[in-house]
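Here are the chains, one letter per residue:
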Amino acid sequence: MKTIKFNFNNLKEKYKTPLYIYDENKIINNINMFKNNFKHEKINTKIIYASKAFLTKYMAKIIKEEELYLDCVSSGELYTAISAGFDPSKIFLHGNNKTKEELKEAFNYKVGTIVLDNLYEASMLLNIKDKGYKPNVMLRVNLSFQVDTHKYIKTSYEDSKFGVLINDETINVIKELSNDNTINFIGLHSHIGSQITDTNYFINHTKEMMKLYKMLKDKYNVNLKALNLGGGFGIKYLETDPFIDYSKLLNNMINTCYNLNKEYNLNIEDVMIEPGRSIVGNAGYTLYTINQIKKTPNTNYLFVDGSMNDNLRVALYEAKYDALIVDKENEPKKVNYKVAGKACESGDILIENIKLPKANINDLLLVINTGAYHYSMASNYNRLLIPAVVFIKDNKDKLVVRRQTLKDLIKYDM
Ligand SMILES: *Cc1c(COP(=O)(O)O)cnc(C)c1O
């Protein structure tokens, strides 16, 4: 494991634990990797950060400064982005099961693009005649494209709750959307799932979408000018996970679009992707203090001062993490530990099994690659407090979200 240069003892002193820590330089590097590789001289590209991976006002500000677009799925994500001064015309409103209120809110903000999840949403949108502006609109399709990832993060299978299957009914709605002059219907969206590490899926998916566009043009004379390929780019969580060369993949994806656009005689001008995890995942760490150590007949438990509340992914997807004990990076890893939290659930395990140097009470445990779907999924179960979030840029730390207080817990109670 590469050494991480931050002074975790100082961070604990200053901000307490558990603590979410982000390496801002790494986020910028990740963004630049996408910008530098998902581009083409002759076709426009848009990189849309999927804000559900991690969103705070500060994060929205980084996305704004880096000139990416933003994917929001709820009033709350919209509100956070707008509060941070994010340009609504660069927002894509996603989400299955949008409410009429959310659509109206999007119209009030003049959100750039609305991605419809299903045919009901399409009729809801078409029935609101007075939108106040002409939004770009896309429709999410479901190609039933099989990928290899955890079942809870697969999105593209026949009975998925996301997107619509391509059939006569859908094609009629696509025609209707294309002909409606209160909106700009620009194209289709498809997202095949999350934490996908086999790059072939992304290329095959791109080809499938291009074939669909060809079919729509040849058979139905529907000419779409934008294509949104979704996100799902997996990251390396464990030292033993394979490295994925995204620069090559992204080049390959956009070249495939360009070539097939020409070959199939299509009119696609704009190709979009929506990375979330791959922008923030490897830039985040969670720092815990080891609070207790307990031995059972077959297990050495490390009890940390956090819980599944700050990392739900283990309970939800059986996700696996690497960790280190601060200041013991060079000691031999001799003991097998199970890292558990404070929540009253047997499933409140942060790491099922990890070899670490012999731990002591009050040692600091740093869990690695916790930048995506951690803070954004945090909860107050057991009335535990949600940790603070600190960003570090060029060795300077900055509090981005303060730690919750006990008073915060009762502030909604009447
Ligand atoms: C979750 C999601 C993403 C981002 O997925 P990652 O795996 O974090 O890249 C992008 N687009 C849509 C529609 C999503 O639901």
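Attention in this report is confined to the structure presented alongside it. Predicted model, so just to flag it, every value in this text is computed and none were measured.

Let us now look at the site of the ligand. What surrounds the ligand is a group of 16 residues, the closest being Lys 52, Ser 194, Glu 274, Arg 277 and Tyr 373. Residue Gly 232 places a main-chain N or O atom 2.9 Å away from an oxygen atom belonging to the ligand. For the ligand, an oxygen atom lies 2.8 Å from a polar atom in the backbone of Arg 277. Notes on the ligand: free accessible area 390 Å², of which the protein chains cover 93%.

Glancing now at the environment of Leu 227. Here Leu 227 shows up in strand β8 (residues 226-228). The exposure class assigned to Leu 227 is buried, which follows from its relative accessible area of 0%. Note: C-alpha distance between Leu 227 and Tyr 213 (14 residues apart in sequence) is 8.9 Å. If sequence neighbours within four positions are ignored, Leu 227 has contacts with Met 138, Leu 188, Met 209, Met 210, Tyr 213, Cys 257, Ile 268, Asp 270, Val 271 and Met 272.

Ile 27, Tyr 49, Leu 188, Met 253, Val 280 and Phe 391 are the most contacted members of the largest nonpolar core, which has 90 residues in total. Among the elements that make up this core, the one with the highest residue count is helix α8 (residues 199-220) (8 residues). Not counting the four nearest positions on each side in its chain, Leu 188 is found in contact with Met 138, Leu 139, Val 141, Ile 174, Met 209, Leu 212, Tyr 213, Leu 216, Leu 224, Ala 226, Leu 227 and Asn 228. Residues Val 335, Tyr 337, Ile 351 and Ala 359 belong to the second largest nonpolar core, which totals 21 residues.

Attention now goes to the pattern of salt bridges. If you walk through the whole model with that rule in mind, you get 12 salt bridges. With its nearest N and O atoms 3.9 Å apart, the salt bridge here joins Lys 393 to Glu 24. Here Glu 24 lies in helix α2 (residues 24-37) and Lys 393 lies in strand β16 (residues 388-393), a separation of 369 residues in the sequence. Look at Glu 24 and you get buried, because its relative accessible area is 4%. Linked by salt bridges that have partners in common, Arg 402, Asp 408 and Lys 411 make up one network.

How each quantity is defined
Residues numbered from 1 in each chain as written. Predicted model: local features only at pLDDT ≥ 70, side-chain atom pairs only at ≥ 80, totals over all residues. Heavy atoms only, no water. Near = heavy atom within 4 Å. Polar contact = N/O pair within 3.5 Å; in protein donor to acceptor, adjacent residues only side chain to side chain. Areas by Shrake-Rupley, 256 points an atom, 1.4 Å probe, with all protein chains shown as cover. Helix = DSSP H or I, 4+ residues; strand = E, 2+ residues; numbered from the N terminus. Buried < 20%, exposed > 50% of the residue type's maximum accessible area, 1.4 Å probe, protein only. Contact = heavy atoms within 4.5 Å. Core = buried A, V, L, I, M, F, W, Y, C linked by side-chain atoms within 4.5 Å. Salt bridge = Lys/Arg side-chain N within 4 Å of Asp/Glu carboxyl O.

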